[in-house]
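Architecture and fold: a report
In case you want the letters, here they are:
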Amino acid sequence: MDTLLKGQVLQFSGDPFAGDPTQAAQVERKGAVALTDGRISWVGPADQAPNAATTVDYGEALISAGFIDAHVHYPQTAMIASWGKRLIDWLNTYTFPEEARFSDPNYAADISGRYLDLALSHGTTTMCSYCTIHPESVDAFFDAAQTRKMRVLAGKTCMDRNAPDTLRDTAKSAYDDSKALLERWHGKDRLSYVITPRFSPTSTPEQLSALGALWSEHSDCLMQTHLSEQTEEIAWVKSLFPQARDYLDTYEAFGLLGANGVYGHAIHLEPREIDRIRDIGASLIHCPTSNAFIGSGLFQMATLKAKGLTVGLATDTGGGSSFSMLRTMACAYEIGQLAGTALHPAQLLWLATQGSADALHLGDKIGGLAQGREADIVVVDLASTPAIAQRSTRAEDVWEQVFPTIMMGDDRAIRDVWVAGQQVQQPDRPSTKTQ
Ligand code: GUN
Ligand code: ZN
C-alpha cells in the first residue's frame, strides 16, 4: 500500500434525502483511508489500519471524497462576478465577448490551467464543464486535465443562432466538430466527452436535431444543457418554439431527452416536465450561487428529491459567484431555507460528492470513500479561520462541528487534495507533515 491518510473520515451508505440523514452518513472520528495505485484500498478505524509506505495524519480534519462540480463554464473564469444583469443581458454583455476570445488556443490553454488549479485549490477534483464553440477550447481543457490526471467531463458548446457571428457554428459543423472531439477524447484516460447544446434559444431546430442524432449514435455519452432557469428565458423559448408543450419539449422533440441527459438549473419546472425527467431517469443540477447572483429563483430541492429525481450540485462559474463547493453548499442551504426546508449538513456534503457523481453517472468510480473507488480526496480543516474555529469548538456532535465550515468556509479550509492517489502540490498551501 502506498499511503495512509488519518483524520475524521466521512462515508455515505445511502442517500441522506431518503430518510434520517445521519443514518446515511458515517463519520469515523479516528479513521483512516489507504491508497494503493491511485485507488482507495481500505477504509476503517485508524487503529486497525494496515501498514503503509507513507502516513499523513490530518488530526481533526475531515477526510471526504473530492468535491464534484456538476455544471461549470470554465471559459467564464476571468469574468466571474460581473455586475448587474439578468440572464440574457448577462450573456450578451459579459459572457459572449469573453467566450469569443477562446478562438485563440493560447488563451484557451491559459484559462484551462488557471481554472483547474483554482478548482483544485477549492477541493474540487472533478467537474462537468461547458467549453466554447471553438474545438480548441475543448482540446485545451482536456489537455490540461489530462496533465493533472483528473477525471473531468466537458464538451463543445454549440450555438447556431441568437449569438454573435464569431460565436456561431452551424447544425452540420456542430455535429462534425462534436463527433471529432468525442472520438478524440471520450474514454481517454479519465476524460469523458459531453454533447453540449448551450440551450434551446441559441440552437435552431436543425442543430438540436443534429445533436440528438449524434447522441443516439453515442448514447453512452452524457448530454448537458440548460433548462428553465429564468422566467424571461422561458417566455423567449415559448416564442421561439410555439409548438412545444413546455421548455423540456424543445429538447424532447429533437432527441435530446434521455437517461444520460444532465439539465442545469431547472428552477421553474411544470408538472409534466418533472414527471418526464423522473420517468426517463435524467439528472437535474442545482446551481445555487448562480441562481441567486443572476436572480433566477429558488430550486425546489426538497420537493424534487421527494419525487425521486436525481440531483447534483454545481457552482455554474461564472454565472455562479464562486469556485468553492463549500460556498455552493452554503448557498444551497440558504435557498433551501427560503424555499421552506433546512438541508442537513450530511445532505449538503452528499450533494457535493456522491450526489453529483450519481448525477453524472460516475457514482461507482468517484464521489465516495469506499474500497475500489478512484482516490480523489479532499481534506477539510474544520477550524480554518478564527470565526469558524470559535464556533466549531462549541460543537456537540460532528455535524455541528462541520456546519460552520460549510457556511463560512472557502479555499482556506482546504487543507489538502489528492488526485488519483497523488497529493496535489499547491504553491500557497502550508506543507503537510508526512511520517
Ligand atoms: N444559459 C445559457 N447559457 C448560460 C450560461 O453560460 N450561464 C448560465 N447561468 N445560464 C445559461
Ligand atoms: Zn450554465
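Our subject is the structure that appears above.
Residues numbered from 1 in each chain as written. Chains lettered and ligands numbered in written order. Predicted model: local features only at pLDDT ≥ 70, side-chain atom pairs only at ≥ 80, totals over all residues. Heavy atoms only, no water.

What follows deals with the coordination of the zinc ion (ligand 2). The protein atoms that coordinate the zinc ion (ligand 2) are H71 (NE2), H73 (NE2), H226 (NE2) and D316 (OD), at distances spanning 2.0 to 2.5 Å. If you look at the zinc ion (ligand 2), its 4 donor atoms make angles of 86 to 162 degrees with each other, and the shape they trace is irregular. For the zinc ion (ligand 2), the donor residues sit on a single chain with the sequence spacing H-x1-H-x152-H-x89-D. Of the two residues, H71 and H73, neither departs from the other in class, the shared state being buried. (Donors = N, O, S within 2.8 Å, 3.2 Å for Na, K, Ca; no water. Tetrahedral: all angles 85-135°; square planar, octahedral: opposite > 155°, others 65-115°. Buried < 20%, exposed > 50% of the residue type's maximum accessible area, 1.4 Å probe, protein only.)

Mapped onto the elements of the fold, E273 is located in helix α9 (residues 271–280). Buried within the structure, E273 lacks any salt-bridge partner; R272 is the closest side chain of opposite charge, at an N-O distance of 6.0 Å. A polar side-chain atom of E273 sits 3.3 Å from the main-chain amide nitrogen of Y247. A polar atom in the side chain of E273 sits 2.9 Å from the backbone nitrogen of L248. Residues in contact with E273, not counting those within four places in the same chain, are L227, S228, D246, Y247, L248 and H268. (Helix = DSSP H or I, 4+ residues; strand = E, 2+ residues; numbered from the N terminus. Lys, Arg positive; Asp, Glu negative; His and termini not counted. Salt bridge = Lys/Arg side-chain N within 4 Å of Asp/Glu carboxyl O. Polar contact = N/O pair within 3.5 Å; in protein donor to acceptor, adjacent residues only side chain to side chain. Contact = heavy atoms within 4.5 Å.)

So, on to the environment of A375. As for its position among the elements, A375 is in the loop between α13 (345–359) and β14 (377–380). For A375, a relative accessible area of 0% corresponds to the buried category. Counting along the chain gives 109 residues from A375 to A266, while the straight-line C-alpha distance between them is 31 Å. Leaving out residues up to four positions away in the same chain, A375 has contacts with L35, G38, R39, I40, W418, V419, A420 and G421.

Within the structure shown, the criterion is met by 22 salt bridges. The closest approach of N and O atoms between R245 and D249, which form a salt bridge, is 3.0 Å. With a relative accessible area of 53%, R245 lands in the exposed category. Judged by its relative accessible area of 10%, D249 falls in the buried class. What emerges from the salt-bridge pattern is a single network uniting R245, D246, D249, E252, R272 and R276.

The next subject is the packing of helix α12 (residues 325–339) against helix α15 (residues 398–408). One can describe the packing of α12 onto α15 by two numbers: an axis separation of 6 Å at closest approach and a directional angle of 95 degrees. By the angle between their axes, α12 is roughly perpendicular relative to α15. From α12, L326, M329, A330, Y333 and E334 reach across to α15, where they touch F403, T405, I406 and M407. Residues of the contact of α12 with α15, tallied by class, amount to 7 nonpolar, 1 polar and 1 charged. (Axes fitted to C-alpha atoms, helices over the stretch in contact; angles between N-to-C directions. Parallel < 35°, antiparallel > 145°, perpendicular 65-115°, else oblique. Nonpolar A, V, L, I, M, F, W, Y, C, P; charged D, E, K, R; others polar.)

The subject of this paragraph is the site of ligand 1. Near ligand 1 you find 13 residues, and of these H73, Q76, R198, E229 and D316 are the closest. For ligand 1, a nitrogen atom lies 2.7 Å from a polar atom in the side chain of E229. Contact with the protein chains covers 100% of the free accessible surface of ligand 1, which is 280 Å². By residue number, the principal contributor to the shell around ligand 1 is helix α2 (residues 87–100), which donates 3 residues. Residue composition of the shell around ligand 1, by class: 5 nonpolar, 5 polar and 3 charged. (Near = heavy atom within 4 Å. Areas by Shrake-Rupley, 256 points an atom, 1.4 Å probe, with all protein chains shown as cover.)

A few words now on the nonpolar core. One finds F67, Y263 and M329 to be the most contacted residues of the largest nonpolar core, which totals 102 residues. Looking at this core, the element that brings in the most residues is helix α3 (residues 105–121), giving 7 residues. (Core = buried A, V, L, I, M, F, W, Y, C linked by side-chain atoms within 4.5 Å.)

On to the packing of aromatic side chains, then. Tallying each qualifying case throughout the model produces 12 aromatic pairs. On the numbers, 6.0 Å between centres and 65 degrees between planes, the contact of F17 with W350 is edge-to-face. Residue F17 is found in the loop between β1 (3–12) and α1 (21–24), and its partner W350 is found in helix α13; the two are separated by 333 residues along the sequence. Overall, W350 belongs to the buried group, its relative accessible area being 5%. (Phe/Tyr/Trp six-rings, centres within 6.5 Å; stacked < 30°, edge-to-face > 60°.)

As a further point, take the pairing of strand β7 (residues 152–155). With burial as the criterion, each face of β7 is covered, one bearing V152 and A154 and the other bearing L153 and G155. Looking at chain direction, strand β6 (residues 124–130) and β7 are connected through 3 bridges and run parallel. Opposite S129, over in β7, you have A154 as the bridge partner. This β-α-β element, β6 to helix α4 (residues 135–147) to β7, shows right-handed connectivity. Strand direction decides the pairing type here: β7 and strand β9 (residues 191–197), joined by 3 bridges, are parallel. Its bridge partner lying in β9, V152 is registered against L191. (Pairing = 2+ DSSP bridges. Right-handed = clockwise from strand over helix to strand, strands pointing away.)

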